[in-house]
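# A closer look at the structure
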Amino acid sequence: MIGSGFFMTPRFYYATCQFGAEKTVKDEVLRAHPSLRFAFSRPGFMTFKEESGEAPFIQNPESIFTRVWGESVGQGKGEDALQSLIPLIPKGSVLHAFERDTFVPGDEPEGFVQNARIKKLMESGGLQGFSNAPRVGEYVFDLIYLDEGHVFLGKHLHQDGMEPAPGNQPLISLPATAPSRAYLKLEEAIHRFKPECKAGTRVLEVGCAPGGASTAMLSRGFKVTGVDPKRVDPSVHQNTGFQFIQKTAKTLTRDDLKTANPEWLVLDMNLAPLEALDEIHHVLELLRSIHGSKLALNKGFLTLKLNDWKFASSIPLYLKRVSELGFRDLAAVQLCSNRQEFFVYADSFK
Ligand SMILES: C[S@@+](CC[C@H](N)C(=O)[O-])C[C@H]1O[C@@H](n2cnc3c(N)ncnc32)[C@H](O)[C@@H]1O
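Residues numbered from 1 in each chain as written. Predicted model: local features only at pLDDT ≥ 70, side-chain atom pairs only at ≥ 80, totals over all residues.

A few words on the overall build of the protein chain. For the protein chain, the count of helices and strands is nine helices and 14 strands. A globule of 350 residues ought to have a C-alpha radius of gyration of about 20 Å, and the protein chain, at 23 Å, matches this closely. Every one of the 350 residues in the protein chain was classed for burial, and the buried ones make up 38%. Long-range pairs, those at least 24 residues apart, make up 65% of the contacts in the protein chain between residues at least 6 apart in sequence. (Helix = DSSP H or I, 4+ residues; strand = E, 2+ residues; numbered from the N terminus. Rg over C-alpha atoms; globule rule 2.2 N^0.38 Å. Buried ≥ 20, exposed ≤ 12 C-beta atoms within 10 Å, placed from the backbone. Contact = placed C-beta atoms within 7 Å.)

In structure tokens, the structure reads:
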């Protein structure tokens, strides 16, 4: 209590993230915002406390691994969990109902339906009269199913670049014919960053097997040169838009790449980040020596693996290395389809 009898009400923030990324989010947020204290965590969800409600509001934490960030409104527990929160949601608000992550993407058991439990709860609670399509600049109320009998309510600002769908998660499904989940990563990156995607775009994909991302690009009419020591799926290999170089990136020669002048470079190698970037350095040196100022490269789609979550603290170093390679206008994010990895989009190349 302060002398005048005035109480400082603490403010609570919440963050959602991928199952498993909680410690990384916590480290990122507390490093960037030392006035916050970690408060509560479940897989895929956590809260932070700001002692002083007078502190400047944090609209965007500096966090690559946070999906949704907002201010806590309340939480309900027990049988009436939902009913106790409904009065806190103004009529006519935008409402997003979703569940915290309960599996690493790709590890969901057969028949798992994301958000099935919150949908059931909403139906039984007769929750109606809300829009779920936010406009940029509008607040969204997030009703988050944490556990059986525990529902959380918060609100976040819908900002440019965010998905209008609940949980900032785009609705992209994996076609049965895609050879790998990497299809989703490429689709999600295109969906989020909206690069121009004209048929005939030339791509060099390093770490292309078995061919999920190539499938996404070939279906857009792109011309893909894929590099990987492993085999690619026959559906990709036989596609006339695909050329395969079955090698590791570091063993590529000028001869291998002499007909490739890619506009995009896609990297998805299961190597530690600095090792993968070293191999890309070799590839870029070859391309520069072949094409000089005529090198067409102008976009990068780089998946960097965190073989250990503790590598996340070296992300500033990885981004520095990415920009030393020539990639510019970088945006780093953990895509919803990423596993223990993160993604860097480069909107230009020098
Ligand atoms: C996550 S998978 C790639 C998935 C692929 N992008 C897709 O869309 O299906 C990682 C790949 O990196 C490849 N890889 C590992 N080391 C490599 C290297 N030095 N050069 C090229 N590819 C490499 C592996 O053989 C593996 O196929």
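Turning our attention to helix H1 (residues 22–32). In an α-helix, one full turn covers 3.6 residues, which means residues spaced three or four apart are oriented alike. By the burial criterion, the buried members of H1 are Glu22, Thr24, Val25, Glu28 and Val29. Seen along its axis, H1 keeps its buried residues to an arc of 165°; they face one direction. Those residues of H1 hidden inside the fold are in contact with strand S1 (11–16), strand S2 (36–42) and strand S3 (45–50). (Arc of directions from axis to C-beta.)

Residues in close proximity to the ligand total 23 residues, the closest being Ser180, Ala182, Gly207, Ala213 and Thr248. Taken together, the residues of the shell around the ligand sort by class into twelve nonpolar, six polar and five charged. (Near = placed C-beta within 6 Å. Nonpolar A, V, L, I, M, F, W, Y, C, P; charged D, E, K, R; others polar.)

This brings us to the sheet that holds strand S10 (residues 242–245). Here seven strands make up an open sheet; going across it, the order is S10-S9-S8-S11-S12-S14-S13 and the pairing mixed. Of all strands in the sheet, those bounded by a partner on one side alone are S10 and strand S13 (327–333). On average, adjacent strands in this sheet sit at an angle of 15° to one another, irrespective of strand direction. Sheet topology note: the strand S8 (residues 202–206)/strand S9 (residues 223–227) ladder contains five bridges and is parallel. Bridge assignment links arginine 202 to a residue of S9, and that residue is lysine 223. Along the sheet face, helix H4 (residues 182–193) touches strand S11 (264–267), strand S12 (299–305), S13 and strand S14 (341–349) and points at about 50° away from the line of S14. Strands S8, S11 and S12 of the sheet are contacted by helix H8 (residues 273–291), whose axis makes an angle of about 150° with S12. (Pairing = 2+ DSSP bridges. Axes fitted to C-alpha atoms, helices over the stretch in contact; angles between N-to-C directions.)

So, about the pairing of strand S5 (residues 94–99). With five of its six residues buried, S5 lies for the most part within the structure. The pairing of S5 with strand S6 (residues 139–147) spans six bridges and is classified as parallel. What sits directly across from phenylalanine 98, in S6, is isoleucine 144.

This paragraph deals with H8. Compared with an ideal rise of 1.5 Å per residue, which puts 19 residues at 27 Å, H8 spans 26 Å between its outermost C-alpha atoms and is within 8% of the ideal. Turning to H8, its buried residues number three or more, namely Pro273, Ala276, Leu277, Glu279, Ile280, Val283 and Leu287. An end-on view of H8 places all buried positions within 155° of arc, on one side of the element. Looking at H8, the residues exposed on the side facing more than 90 degrees away from the buried face are Glu285 and Ser289. Summarising the contacts, the buried residues of H8 are in contact with S8, helix H7 (254–257), S11, S12 and helix H9 (315–324). Positive phi appears at glycine 292, one or two residues downstream of H8, with a value of about 50°. (Expected span 1.5 Å × (residues − 1).)

Interface size is commonly expressed as the accessible surface area that is lost when the partners come together. When its domains are assigned, the protein chain resolves into domain 1 (11–168) and domain 2 (182–349). Averaged C-alpha coordinates put domain 1 and domain 2 at centres separated by 32 Å. Counting residues at the interface gives eleven residues for domain 1, matched by 13 residues for domain 2. Residue composition of the side of domain 1 that touches domain 2, by class: five nonpolar, four polar and two charged. (Domains from an automatic or database assignment.)

The next subject is the sheet that holds S2. If you walk across this open sheet you meet the seven strands as S2-S3-S1-S4-S7-S6-S5, and the pairing is mixed. Edge positions in the sheet fall to S2 and S5, since each of these pairs with one other strand and no more. Sheet twist, expressed as the average angle between the axes of neighbouring strands with direction ignored, equals 35°. The sheet contact formed by S2 and S3 spans six bridges and is antiparallel. Bridged to phenylalanine 40 within S3 is threonine 47. The strands touched by H1 are S1, S2 and S3; relative to S2, the strand with the most contacts, the crossing angle is about 165°. Running at roughly 130° to S5, helix H3 (residues 116–125) makes contact with S5 and S6 of the sheet.

Quick look at the environment of leucine 319 now. Within the fold, leucine 319 resides in helix H9. Given 18 C-beta atoms within a 10 Å radius, leucine 319 is considered partly exposed. C-alpha separation for the pair leucine 319 and valine 25, spaced 294 residues apart in sequence, amounts to 18 Å. Leave out the neighbours within four places in its chain, and leucine 319 touches Leu330, Ala332 and Val344.

This part covers the pairing of S9. Remark: a regular strand shows side chains that alternate across the two faces of the sheet. Taking burial as the measure, the five residues of S9 include four buried ones, the bulk of the element. Handedness of the crossover joining S8 and S9 through helix H5 (residues 212–218) is recorded here as right-handed. Examined bridge by bridge, S9 and S10 share four bridges and lie parallel to one another. Following the sheet pairing, glycine 226 is matched in S10 by phenylalanine 244. (Right-handed = clockwise from strand over helix to strand, strands pointing away.)

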